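Coordinate analysis (summary)
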Amino acid sequence: MKHVIALDVGGTGMKAALVGADGALLHEARRATGRERGPEAVVETITAFAADLRAYGEERYGESASAAGVAVPGIVDAENGIAVYAANLGWRDVPMRALLSERLRGVPVALGHDVRTGGLAEGRIGAGKGADRFLFVPLGTGIAGAIGINGVIESGAHGYAGEIGHIVVRPGGIPCGCGQRGCLERLASASAVSAAWAAASGDPDADAADCAKAVASGDPRARAVWLDAIGALADGLVTALTLLDPRTLIIGGGLAEAGETLFTPLRAAVAERVTFQKLPLIVPAALGDTAGCLGAGLLAWDLLATDTADPTHATEEATEVSA
Ligand SMILES: [Zn+2]
């Protein structure tokens with residue numbers, strides 16, 4: 001049976017799957033990334049995992065995978081297949097596509113950015129299904145975004161598009177790792193809300209989920225922390241929707257697990273801020289932590305669709321025929 005390899009590399013764990021042509025998950029597996037062993041060992045772990053998946057597919061389905069899609073964190077040059085930089089994995093300029101393709105004995109490989117790859121899946125088969133223009137914003141350790149236009153994700157001229165977490169929403173505010181102050185992700189990521197609630201509640205172990213529970217139970221201190229974060233988030237989102245005019249705004253990540261405790265005040269805060277802009281539909285992500293892996297599978301299938309439709313390929317064949 002024809003299938004592809006899908007692999008989503010995270011800071012601590014990797015999720016993988018073999019995906020059929022209809023998008024069905026034929027086989028799923030997880031492994032630790034093992035970043036404590038250093039970047040070279042991580043790259044070896046990734047390529048070995050992919051090779052094992054290829055071997056499994058060959059044995060189980062009588063043919064090896066037709067393509068592979070791999071999502072990695074950090075800065076990614078998808079066009080050239082280079083994992084440029086990932087702070088949490090410590091690598092720089094890893095020729096990931098070439099290494100994987102060699103290990104997979106020539107199987108074509110697509111490399112993607114983790115959030116953009118997750119956004120691809122949310123846009124095509126998840127919460128944004130059917131939307132021609134969407135913005136996917138997961139609120140996790142940090143905040144990033146994926147801009148979806150007609151079924152593909154816009155990655156920008158240099159692979160940096162969608163970095164909504166570094167829009168300055170509180171000028172002169174808390175310093176950010178990017179070098180600016182008052183960035184959205186320093187105020188409205190799950191990590192930022194955890195830190196703010198730990199400080200306000202006096203419990204160093206309290207996190208964003210605890211804050212959401214306290215909000216739901218009517219705690220005024222929690223409500224103050226929560227509404228601060230939502231205000232910053234709405235400011236950042238309104239900047240993004242003013243620029244992009246998305247039809248659907250998909251919010252995911254750990255903070256979105258708070259459900260209506262987040263979405264009801266967030267929709268109100270965004271509605272309060274817009275003047276002439278059209279309000280997008282603001283919806284929770286549907287695919288959870290499998291979005292990256294499902295998106296990696298879509299990247300792999302897209303690669304095969306592009307191969308057959310490649311005009312240069314067609315020209316070569318035509319030349320052969322006429323010669
Ligand atoms: Zn920043």
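Predicted model only: the values in this text are computed from it and were never measured. (Residues numbered from 1 in each chain as written. Predicted model: local features only at pLDDT ≥ 70, side-chain atom pairs only at ≥ 80, totals over all residues. Heavy atoms only, no water.)

1. Focus: the domain arrangement of the protein
Note the cut-off: For the domains described, the bounds stem from an automatic or database domain assignment. In this analysis, two residues are considered to be in contact whenever any of their non-hydrogen atoms come within 4.5 Å of each other. Once two parts are put together, the accessible area they lose, assessed with a 1.4 Å probe and summed over both, is termed the buried area. Here, a salt bridge means any Lys or Arg side-chain nitrogen found within 4 Å of an Asp or Glu carboxyl oxygen.
One can read the domain layout of the protein as domain 1 (3-116 + 290-322) and domain 2 (129-286). Computed from C-alpha coordinates alone, the two centres of domain 1 and domain 2 are separated by 29 Å. Listed by partner, the interface residues are 5 residues for domain 1 and 12 residues for domain 2. Here domain 1 packs against domain 2, burying approximately 640 Å² in sum over the two surfaces, 61% of which is carbon and sulfur. Scanning the region where domain 1 abuts domain 2 turns up 0 salt bridges.

2. Details of the sheet that holds strand β7 (residues 91-94)
The condition that has to hold: The criterion for strand pairing is that DSSP finds at least two bridges linking the strands in question. Secondary structure counts use DSSP, requiring at least four H or I residues in a row for a helix and at least two E residues in a row for a strand, with both numbered from the N terminus. Comment: axis = line fitted to C-alpha atoms, over the contacting stretch for helices; angle = value between 0 and 180 degrees taken between N-to-C directions.
Taken in spatial order, the 3 strands of this open sheet run β5-β6-β7, and their pairing is antiparallel. For this open sheet the edge positions go to β5 (75-77) and β7, each flanked by a neighbour on one side alone. Taking each pair of neighbouring strands and ignoring which way they run, the sheet shows an average axis angle of 15°. With 3 bridges connecting them, β5 and strand β6 (residues 82-86) associate as antiparallel partners. Looking across to β6, one finds that V76 is bridged to A83.

3. A look at the pairing of strand β12 (residues 248-252)
This is how it is decided: Throughout, exposure labels follow a simple rule: accessible area from a 1.4 Å probe, protein chains only, divided by the maximum for the residue type, with under 20% read as buried, over 50% as exposed, and the rest as partly exposed. We call a crossover right-handed when, viewed with both strands directed away from the observer, the connection leading from the first strand over the helix to the second proceeds clockwise.
With 5 of 5 residues buried, β12 is to be regarded as a mostly interior element. Side chains T248, I250 and G252 project from β12 onto one buried face, and the interleaved L249 and I251 project onto a second face that is buried too. Alignment of β12 against strand β13 (residues 281-284), held across 4 bridges, turns out to be parallel. Among the inter-strand pairings, L249 is bridged to a residue of β13, identified as I282. Taking the sense of rotation as the criterion, the β-α-β connection linking β12, helix α8 (residues 260-273) and β13 turns out right-handed.

4. Focus: the environment of G288
Residue placement: G288 occurs in the loop between β13 and α9 (291-309). On the accessibility criterion, G288 (55% relative accessible area) is exposed. Distance in space between the C-alpha atoms of G288 and G126 is 9.5 Å, their sequence separation being 162 residues.

5. As for the coordination of the zinc ion
Put simply, the test is: Each metal's donors are the N, O and S atoms within 2.8 Å of it, or within 3.2 Å when it is Na, K or Ca, and because water is not part of the set, sites may look incomplete. Tetrahedral means four donors with every angle between 85 and 135 degrees, whereas square planar (four donors) and octahedral (six donors) require angles over 155 degrees between opposite donors and between 65 and 115 for all others; sites fitting neither are termed irregular.
Taken together, H166 (ND1), C176 (SG), C178 (SG) and C183 (SG) make up the full set of protein donors to the zinc ion, lying 2.0 to 2.3 Å away. Taken together, the 4 donor atoms surrounding the zinc ion define angles of 104 to 122° at the centre, an arrangement classified as tetrahedral. A relative accessible area of 40% places C178 in the partly exposed class.

6. Brief notes about helix α3 (residues 114-125)
Just so we agree on the cut-off: Here the expected span of a helix is defined as 1.5 Å times the quantity of residues minus one.
Between the first and last C-alpha of α3 there are 16 Å, a value that for 12 residues agrees with the 16 Å anticipated at 1.5 Å per step. Most of α3 is tucked away: 9 of the 12 residues are buried. Among all positions in α3, only V115, R116, T117, G118, G119, L120, A121, E122 and G123 are buried.

7. Section: the packing of helix α6 (residues 208-216) against helix α7 (residues 220-244)
Here is the rule: Between 65 and 115 degrees an angle is taken as roughly perpendicular, under 35 as roughly parallel, over 145 as roughly antiparallel, and anywhere else as oblique. Left-handed describes a crossing whose near helix is turned anticlockwise from the far helix by less than a right angle; the clockwise case is right-handed.
Direction vectors running N to C along α6 and α7 enclose 120°, while the axes themselves pass 8 Å from each other. Comparing their axes, α7 and α6 come out oblique. Read as a crossing pair, α6 and α7 show a hand that is left-handed. On α7, the residues touching A208, C211, A212, A214 and V215 of α6 are A222, R223, V225 and W226.

8. Description of the sheet that holds strand β3 (residues 25-32)
A sheet is described by the order of its strands in space; here 5 strands give the open sequence β3-β2-β1-β4-β8, paired in mixed fashion. Of all the strands in the sheet, just β3 and β8 (109-113) have a single pairing partner and so form its edges. On average, adjacent strands in this sheet sit at an angle of 15° to one another, irrespective of strand direction. Bridging between strand β2 (residues 13-20) and β3 involves 7 bridges; their strand directions are antiparallel. Bridge pairing in β3 links L18 to H27. Packing of α3 onto the sheet brings it into contact with β1 (3-9), β4 (68-72) and β8, and relative to β8 it is tilted by some 100°.

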